[in-house]
Amino acid sequence: MTTISIIRPDDWHVHLRDGEGLTTTVNDISRYFGRVVVMPNLVPPVTNAELAQQYHQRIMANSPPAHFKPLMVIYLTDSTTVEDIENAKASGVVYAAKLYPAGATTNSSSGVTKIENIYPVLEAMAKVEMPLLIHGEVTTKEIDIFDREQVFIETILAPLVEKFTNLKIVLEHITTKQAVDFVRSAGDNVAATITAHHLLYNRNDMLVGGIRPHYFCLPILKRNIHQQALIEAATSGNSKFFLGTDSAPHPQHAKESACGCAGSYTAHAAIELYAEVFDKEDALDQLEAFASINGPTFYQLPINVDKITLTKKSWPVPATMAFGNDKVVPVRANETIAWQVV
Ligand SMILES: NC(=O)N[C@@H](CC(=O)O)C(=O)O
Ligand SMILES: [Zn+2]
Ligand SMILES: [Zn+2]
């Protein structure tokens, strides 16, 4: 098969950043994605409906195509109130709230320090039917970075799912077999997003033959058995797994540094990268469910009506791309991608 058409896909987890960089990210992500769930980890973070509305306006000021719709997210802190949730729900632009354990990832220092601190907020979210999006890693100093997702699932997520049975939860950018198994065996209120880079790469790609900082993201790439479990989940047709790129640009100098930032940029070629994975698995017939159907179904939003077409025709990715006044090194820089959107 050399050409496929699928319902217009949505991206359920993306970082668009702010300011000058928005021109690049909005342009890239709106090329064919319909809805995109916009992460709130700006500096300072998007913690309430008013800030989300203003951020929404700054995104839309870049005049994206009519098929594009940003779904805003508020960032939970220890001081988020029930009223913040109610206002967010009423705003019409906020579709979810995000739990960053404090210190877990890029710009998470204002995150939640103890899950109990937001119990009333989680109660309110269940009541207004607002999904909780989770960066699922513990921040305990003693816990090895490769184990942080698994330990989060065991110590924080499992009890949370037990306690809040009516709360919709998305475990974001899963990276382990344990996460796949947990989501599979949980109720219908628990789902997960999977990135293209965690499907395409494992920690060898990042570390063998030299350290490649552009593959460094959080949760960190794991060993290949985990990559295999993710590929199996994404291509299985199971409606609990859907597309979330976690495209997370950082300026080239901030990645290629003695202390480089976490995050990989895939917005320039996201669906094409996913198509490579599904093609390799001989599972292109499952791409539409993963990219265009399972996400809106979980969020209880309509499935897009129009379609996009992908062709198997290789194209070169540049070494760098403009990112505001800086440059970003995209995934596959200086290499080719096998699929392209017509
Ligand atoms: N994934 C990453 O490595 N980085 C993201 C934050 C996140 O999604 O955890 C970022 O904002 O740079
Ligand atoms: Zn994250
Ligand atoms: Zn992210």
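These numbers come from a predicted model, not from an experiment. (Residues numbered from 1 in each chain as written. Chains lettered and ligands numbered in written order. Predicted model: local features only at pLDDT ≥ 70, side-chain atom pairs only at ≥ 80, totals over all residues. Heavy atoms only, no water.)

Comments concerning the overall build of the chain
Tallying secondary structure elements over the chain gives 12 helices and 13 strands in all. Relative to the globule expectation of 20 Å for 342 residues, the C-alpha radius of gyration of the chain, 19 Å, shows essentially globular dimensions. Considered along the principal axes of its C-alpha atoms, the chain spans approximately 50 × 45 × 40 Å. Within the chain, the fraction of its 342 residues that count as buried is 58%. The contacts in the chain between residues at least 6 apart in sequence include a share of 73% that link residues at least 24 apart. As presented, the chain carries roughly 13800 Å² of accessible surface, and 50% of it is formed by carbon and sulfur atoms. Of note, the chain has its 28 positive side-chain charges centred 2 Å away from the centre of its 37 negative side-chain charges. (Helix = DSSP H or I, 4+ residues; strand = E, 2+ residues; numbered from the N terminus. Rg over C-alpha atoms; globule rule 2.2 N^0.38 Å. Buried < 20%, exposed > 50% of the residue type's maximum accessible area, 1.4 Å probe, protein only. Contact = heavy atoms within 4.5 Å. Areas by Shrake-Rupley, 256 points an atom, 1.4 Å probe, with all protein chains shown as cover. Lys, Arg positive; Asp, Glu negative; His and termini not counted. Charge placed at Lys NZ, Arg CZ, Asp CG, Glu CD.)

So, the UniProt feature "modified residue: N6-carboxylysine" (unreviewed entry) in the chain
Per the UniProt annotation, the sites labelled "modified residue: N6-carboxylysine" (unreviewed entry) are Lys98. Checked against the element boundaries, Lys98 lands in strand S5 (residues 94-99). Take Lys98: its relative accessible area is 1%, and that puts it in the buried class. Those residues in contact with Lys98 that sit more than four places away from it in its chain are His13, Met39, Pro40, Val73, Ile74, Tyr75, Leu76, Leu133, Ile134, His135 and Glu172. (UniProt positions renumbered as here; feature names shortened; annotations may be inferred.)

Topic: the coordination of the zinc ion (ligand 2)
The coordination sphere of the zinc ion (ligand 2), as far as protein atoms go, consists of His135 (ND1) and His173 (NE2), spread over 2.0 to 2.1 Å. With four donor atoms in place around the zinc ion (ligand 2) and angles of 54 to 147° between them, the coordination shape is irregular. Between the zinc ion (ligand 2) and the zinc ion (ligand 3), the interatomic distance is 3.8 Å. One end of the pair, His135, is in the loop between strand S6 (132-134) and helix H5 (148-163); the other, His173, is in the loop between strand S7 (169-171) and helix H6 (177-185), and 38 residues separate them in sequence. A relative accessible area of 2% places His173 in the buried class. (Donors = N, O, S within 2.8 Å, 3.2 Å for Na, K, Ca; no water. Tetrahedral: all angles 85-135°; square planar, octahedral: opposite > 155°, others 65-115°.)

Here's the deal with the pairing of strand S3 (residues 35-38)
Residues Arg35 and Val37 line one face of S3 and the alternating positions Val36 and Val38 line the opposite face, and both faces are buried. Where strand S2 (residues 11-14) meets S3, two bridges bridge the pair, whose relative direction is parallel. Considered in S3, the bridge of Val14 is made with Val38. Handedness of the crossover is the feature at issue here: the chain leaves S2, passes through helix H1 (residues 22-29), returns alongside S3, and the resulting connection is right-handed. (Pairing = 2+ DSSP bridges. Right-handed = clockwise from strand over helix to strand, strands pointing away.)

Things to note about the sheet that holds S2
Pairing between the strands of a sheet comes from backbone hydrogen bonds, and it takes one of two forms, parallel or antiparallel. A sheet is described by the order of its strands in space; here eight strands give the open sequence S2-S3-S4-S5-S6-S7-S8-S9, paired in parallel fashion. Looking along the sheet, the strands with just one partner apiece sit at the ends: S2 and strand S9 (241-243). Across the sheet, the axes of successive neighbouring strands diverge by a mean angle of 30°, strand direction being ignored. Sheet topology note: the S5/S6 ladder contains three bridges and is parallel. Considered in S6, the bridge of Ala97 is made with Leu132. (Axes fitted to C-alpha atoms, helices over the stretch in contact; angles between N-to-C directions.)

A look at the packing of aromatic side chains
Summed over all chains, the structure comprises 11 aromatic pairs. Taking the centre distance of 5.5 Å and the plane angle of 55° together, the rings of Tyr274 and Phe290 count as tilted. Here Tyr274, found in helix H11 (residues 270-280), pairs with Phe290, found in helix H12 (residues 287-299); they are 16 residues apart in sequence, far enough to count as distant. The exposure class of Tyr274 is buried, given its relative accessible area of 0%. Three or more aromatic residues joined by ring pairs make a cluster, and in this case those are Trp12, Phe242, Phe298 and Tyr299. When the ring centre of Phe164 is taken as origin, the NZ or CZ atom of Lys163, which lies over that ring, is 5.8 Å away. (Phe/Tyr/Trp six-rings, centres within 6.5 Å; stacked < 30°, edge-to-face > 60°. Lys NZ or Arg CZ within 6 Å of the ring centre and 35° of its normal.)

Digging into the site of ligand 1
Around ligand 1, 15 residues are found, and the nearest of them are Arg17, Asn41, Thr105, Leu218 and Asp246. One of the side-chain N or O atoms of His15 is found 3.0 Å from an oxygen atom in ligand 1. Within the backbone of Ala262, an N or O atom sits 3.1 Å from an oxygen atom of ligand 1. When ligand 1 sits alone it has 320 Å² of accessible area, and the protein chains cover 100% of it. In terms of residue class, the shell around ligand 1 is made up of four nonpolar, nine polar and two charged. (Near = heavy atom within 4 Å. Polar contact = N/O pair within 3.5 Å; in protein donor to acceptor, adjacent residues only side chain to side chain. Nonpolar A, V, L, I, M, F, W, Y, C, P; charged D, E, K, R; others polar.)

Details of the coordination of the zinc ion (ligand 3)
Looking at the zinc ion (ligand 3), one finds its protein donor set to be His13 (NE2), His15 (NE2) and Asp246 (OD), positioned 2.0 Å from the metal centre. Considering all four donor atoms around the zinc ion (ligand 3), the spread of angles at the metal, 93 to 138°, places the coordination shape in the irregular class. Between consecutive donors of the zinc ion (ligand 3), the numbers of intervening residues give the motif H-x1-H-x230-D.

Focus on H1
Because each turn of an α-helix spans 3.6 residues, side chains separated by three or four positions end up pointing in the same direction. Counted residue by residue, H1 has six buried out of eight residues, so it is predominantly covered. Regarding H1, the residues found buried are Leu22, Thr24, Thr25, Val26, Asp28 and Ile29. Elements in contact with the buried residues of H1: S2, S3, helix H2 (49-60) and strand S11 (321-323).

Digging into the nonpolar core
Counting residues in hydrophobic clusters, the biggest one holds 100 residues, and the most contacted among them are Leu76, Met125, Leu132, Leu157, Ile271 and Leu310. Here the element with the most residues in this core is H11; it accounts for seven residues. If we skip the residues at most four places from it in the chain, Leu132 touches Leu76, Ala97, Leu99, Leu122, Met125, Leu160, Leu167, Lys168, Ile169 and Val170. Listed in part, the 14 residues of the second largest apolar core include Trp12, Val73, Val170 and Tyr299. (Core = buried A, V, L, I, M, F, W, Y, C linked by side-chain atoms within 4.5 Å.)

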